Amino acid sequence: MMSKRSAYIWGISILCFVVLMIVTPALPQSQEYHDFADQRTFLGIPNMLNVVSNFPFLIVGLIGLVLCHHGNYFRLSLQGELWGWTCFFVGVAAVAFGSSYYHLKPNDATLVWDRLPMTVAFTSIVAIFIIERVDEKRGTISIIPLMMVGIISILYWWCFDDLRPYAVVQFVPLLAIPAMAILMPPMYTHSTYWLWAAGFYLLAKVEEAEDKPIYGWTHHIVSGHTLKHLCAAMVPVFLALMLAKREIEPQRQSLLTIWKVSWRRVKESRSNGERQEYNYAEVRTTEA
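Residues numbered from 1 in each chain as written. Predicted model: local features only at pLDDT ≥ 70, side-chain atom pairs only at ≥ 80, totals over all residues. Heavy atoms only, no water.

- The name that an unreviewed UniProt entry assigns to the protein is Ceramidase, with the source organism given as Papaver nudicaule.
- Per UniProt, the protein carries the Subcellular location (unreviewed entry) text "Membrane".
- Within the UniProt record for the protein, the comment given under Sequence similarities (unreviewed entry) is "Belongs to the alkaline ceramidase family." (UniProt positions renumbered as here; feature names shortened; annotations may be inferred.)

What follows is the structure, given as structure tokens:
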């Protein structure tokens, strides 16, 4: 049975989404999006750098899958974690194929196959966070529904040329995951890796937006979109490193609490240092 609190949260979320869909206009896919700065053809491959820069996703995704299942290298103790991380690394590996296919011939039809695996990865991460920070059972149950919501948002865009649901699916995790990483006590150590991953993803979005200016700044060597692929591939790299290094957190404290304690110690250290300097200066004055 769903708790009353969970029912309220879901009810408010659905209500906010319905209001958003009512009060905002449809958001069609701009055709300028497909006009990338670097359209050079090498070795017979159109848009080659934007195509081959997806290769790291395949490598990281496959390595992550192997380490999840071969000898349980990541020490995933919960069944929901294993399913969640498996879906994540499958999505990451599939990005290499979907995004490469799209960049060979950029248009709305091929863009669908670029966005589908990315959405699987996004929604899997949200489910993993719920497992680790809120409740294992709820997080495990949410894996499939969250992925379905993501897939439906893409199908809605494809059918009605309206990106609003997809924008919610893409950008809510970008805000929610760093907030949860900072405010909610973790089950494991090395939580700061989540923030590194979020930082690289944010940098990738900036590079995507500045595709043509970056291409000009680098004298047509590399475009912002190519760099975006490489930076985005660093997200699963940092998460894989976190999985390899982390251990069960004996004292579950949020990053915010840890930062507050550290800042208090710094202030006390400064205060003690200033007090010692004052006492030393007072002694020197007395001796004089």
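Picking up after the structure, the text goes on.
1. Concerning the environment of L67
Then comes step 1: Note that L67 resides in helix α3 (residues 55–69).
Then comes step 2: Assessed through its relative accessible area of 23%, L67 is described here as partly exposed.
Then comes step 3: Dropping the residues within four chain positions of it, L67 is found in contact with N72, Y73 and F74. (Helix = DSSP H or I, 4+ residues; strand = E, 2+ residues; numbered from the N terminus. Buried < 20%, exposed > 50% of the residue type's maximum accessible area, 1.4 Å probe, protein only. Contact = heavy atoms within 4.5 Å.)

2. Some words on the nonpolar core
Then comes step 1: The biggest cluster of nonpolar side chains holds 47 residues, and the ones touching the most others in it are W85, F88, F89, I125, W194 and L239.
Then comes step 2: Elements supplying a minimum of two residues to this core: α3, α4 (79–104), α5 (108–133), α6 (136–160), α7 (164–183), α8 (192–209) and α10 (224–245).
Then comes step 3: Leave out the neighbours within four places in its chain, and L239 touches W85, F88, I125, W194 and A197.
Then comes step 4: In terms of nonpolar packing, the next biggest core, distinct from the first, is built from 10 residues, L78, C87, V120 and Y188 among them. (Core = buried A, V, L, I, M, F, W, Y, C linked by side-chain atoms within 4.5 Å.)

3. A short note on the packing of aromatic side chains
Then comes step 1: Summed over all chains, the structure comprises 14 aromatic pairs.
Then comes step 2: Pairing F88 with F89 gives two aromatic rings, centres 5.1 Å apart and planes at 70 degrees, and the pair type is edge-to-face.
Then comes step 3: Ring geometry for Y193 against F238: centres 6.1 Å apart, planes inclined by 50 degrees, an arrangement best described as tilted. With Y193 in helix α8 and F238 in helix α10, the pair connects residues that are 45 residues apart, well separated along the chain.
Then comes step 4: Judged by relative accessible area, which is 13%, Y193 ranks as buried.
Then comes step 5: Site record: aromatic cluster; members linked through ring pairs are Y73, F74, W85, F88, F89, F129 and W194.
Then comes step 6: Over the aromatic face of Y33 sits the side chain of R115, whose NZ or CZ is 5.7 Å from the ring centroid.
Then comes step 7: We note R115 situated over the ring of W157; from NZ or CZ to the ring centre the distance is 4.8 Å. (Phe/Tyr/Trp six-rings, centres within 6.5 Å; stacked < 30°, edge-to-face > 60°. Lys NZ or Arg CZ within 6 Å of the ring centre and 35° of its normal.)

4. Some words on α8
In an α-helix, one turn spans 3.6 residues; hence positions three or four apart end up facing the same way.
Then comes step 1: Its 18 residues give α8 an end-to-end C-alpha distance of 26 Å, which sits within 8% of 26 Å, the value for a rise of 1.5 Å per residue.
Then comes step 2: Of the positions making up α8, those classed as buried are Y193, W194, A197, A198, Y201, A204, K205, E207 and E208. (Expected span 1.5 Å × (residues − 1).)

5. A short note on a positive patch on the surface
Then comes step 1: Taken together, the side chains of K260, R264, R265 and K267 define a basic patch exposed on the protein surface.
Then comes step 2: Following the sequence through the fold, K267 ends up in helix α11 (residues 255–287).
Then comes step 3: Classification of K267 by relative accessible area gives partly exposed; the value is 49%. (Patch = residues over 30% accessible without salt bridge, like charges linked within 9 Å, V, L, I, M, F, W, Y side chains within 5 Å. Areas by Shrake-Rupley, 256 points an atom, 1.4 Å probe, with all protein chains shown as cover. Salt bridge = Lys/Arg side-chain N within 4 Å of Asp/Glu carboxyl O. Lys, Arg positive; Asp, Glu negative; His and termini not counted. Charge placed at Lys NZ, Arg CZ, Asp CG, Glu CD.)

6. Considerations on α4
Then comes step 1: Between its terminal C-alpha atoms α4 stretches 38 Å, which fits the 38 Å expected from 26 residues at 1.5 Å a residue.
Then comes step 2: The principal kink in α4, of about 30 degrees, is found at A94.
Then comes step 3: The buried count for α4 comes to 19 of 26 residues, which makes it a mostly enclosed element. (Bend = angle between axes of the 7 residues up to and from the residue.)

7. Points about unusual backbone geometry
Then comes step 1: We note that R75 has phi near 55 degrees; this positive angle belongs to a residue other than glycine.
Then comes step 2: Relative to the assigned elements, R75 resides in the loop between α3 and α4.

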